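Working through the structure, step by step
Here is how the chains run, residue by residue.
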Amino acid sequence: MRTDPPETGDETTVLTAYLTYQRETVLLKTDGLTREQLAQPHPPSSLTLAGLVYHLALVEESWAVERFAGRPMPGPWDGVDWDATPDWEFDRAATLEPEELRERYREAGRRTDAVVAAAGDLDALSVEPLRNGNRFSLRWMLLHLVEETARHAGHADLLREAVDGTVGE
């Protein structure tokens, strides 16, 4: 169930509410679709709704669990040879049943939420630095995840319309 973010509140509450809202928007775009529909590409792009959802699960766990918290990546990402299969999450997503795919994304969100709660301070810095050598704040990470998720929610709008004509929020 999608809940509008609050109009007021402390920064952590508002940022996490916006991230949750965008996550739920992405999941809403997958409601009622079969595995085949979720895996349906729409040329000229090879992007699918399934691939988008699985990619977003990877993105959350990569930024929050691995880079920010400095913990090992959880399965299924931990055993992937990313050099040999750089699009693994997009390819693997097509083989997952809809609820398995959706639950994997929800689990990634719960792990991110746990990292945020444990950090407790938006100024807390990541364990892993960015490519430029700078560590990033929890605030930066949350804003990045909101941006990434919202951008892909827009892609999901277009993909869902192409699958079955469903439009709107």
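The structure this text deals with has already been given above.
Residue numbers here run from 1 along each chain, matching the order of that chain's written sequence. Residues qualify for local features only when their pLDDT is at least 70, as the model is predicted, and side-chain atom pairs are given and counted only at 80 or more; totals for whole chains, interfaces and linings, by contrast, use all residues. Heavy atoms from the whole structure form the basis of all side-chain values; hydrogens and water molecules are not counted.

**A look at the overall build of the protein**
Helix and strand assignments follow DSSP, with helices taken as H or I runs no shorter than four residues and strands as E runs no shorter than two, numbered in order from the N terminus. Within the protein one finds six helices and two strands. Along the protein, helices (α) and strands (β) appear in the sequence α-α-α-α-α-β-β-α when read from the amino end. In this description the radius of gyration comes from C-alpha coordinates, and the expected globular size is given by 2.2 Å times residues to the power 0.38. In terms of C-alpha radius of gyration, the protein reaches 16 Å, essentially the compact-globule figure of 15 Å for 169 residues. C-alpha atoms of the protein, sized along the principal axes, occupy 45 × 45 × 25 Å.

**Description of the nonpolar core**
The biggest cluster of nonpolar side chains holds 25 residues, and the ones touching the most others in it are Val-26, Leu-38, Leu-49, Tyr-54, Trp-77, Leu-101 and Tyr-105. Only α1 (11-28), α3 (49-68), α4 (88-93), α5 (98-119) and α6 (138-164) provide two or more residues apiece to this core. The next biggest cluster of nonpolar side chains, apart from the first, holds 16 residues, and it includes Val-116, Leu-122, Leu-142 and Leu-145. Here, nonpolar core means buried Ala, Val, Leu, Ile, Met, Phe, Trp, Tyr and Cys residues that are tied together by side-chain atoms lying within 4.5 Å of each other. Relative accessibility under 20% of the residue-type maximum defines a buried residue, over 50% an exposed one, and the middle range a partly exposed one, all with a 1.4 Å probe and only protein chains included.

**Re α5**
Multiplying 1.5 Å by the residue count of a helix minus one yields the expected span of that helix. In this model, α5 (22 residues) spans 32 Å end to end at C-alpha, consistent with the 32 Å of a helix rising 1.5 Å per residue. Inspection of α5 places Pro-98, Leu-101, Arg-102, Arg-104, Tyr-105, Ala-108, Gly-109, Thr-112, Val-115 and Val-116 among the buried residues, and these make up the whole buried set. Angularly, the buried residues of α5 cover 160° about the axis, an arc narrow enough to put them on a single face. Seen from the buried face of α5, the exposed residues on the opposite side, beyond 90 degrees, are Ala-117 and Ala-118. Residues are treated as being in contact if the distance between any of their heavy atoms lies within 4.5 Å. Here the buried face of α5 lies against α1, α2 (35-38), α3, α4 and α6. Looking at the residues trailing α5, positive phi occurs at Gly-120, about 70°. As used here, the arc is the angular range of directions from the helix axis to the C-beta atoms.

**Observations regarding the pattern of salt bridges**
Salt bridge, as applied in this entry: a Lys or Arg side-chain nitrogen positioned within 4 Å of an Asp or Glu carboxyl oxygen. According to the stated counting rule, one finds 19 salt bridges in the structure shown. Between Arg-139 and Glu-11 there is a salt bridge, and its shortest N-O distance comes to 2.8 Å. In this pair, Arg-139 sits in helix α6 while Glu-11 sits in helix α1, placing the two residues 128 residues apart along the sequence. Assessed through its relative accessible area of 23%, Arg-139 is described here as partly exposed. For Glu-11, a relative accessible area of 39% gives the class partly exposed. A salt bridge links Glu-97 to Arg-35; its shortest N-O distance comes to 3.2 Å.

**Here we look at the packing of α3 against α5**
Fitting a line to C-alpha atoms yields each axis, with helices limited to the stretch in contact; the angle taken between N-to-C directions then spans 0 to 180 degrees. As a packed pair, α3 and α5 sit with axes 9 Å apart at the nearest point and diverge in direction by 25°. In terms of orientation, α3 lies roughly parallel with respect to α5. Of the two elements, α3 crosses α5, and the hand of that crossing is left-handed. Where α3 abuts α5, its residues Ala-50, Val-53, Tyr-54, Leu-56, Ala-57, Glu-60, Glu-61, Ala-64, Val-65 and Phe-68 lie against Leu-101, Arg-104, Tyr-105, Glu-107, Ala-108, Gly-109, Arg-111, Thr-112, Val-115 and Ala-119. Any angle from 65 to 115 degrees is called roughly perpendicular, while one under 35 is roughly parallel, one over 145 is roughly antiparallel, and all others are oblique. We call a crossing left-handed when the near helix sits turned anticlockwise from the far one by less than a right angle, and right-handed when that turn is clockwise.

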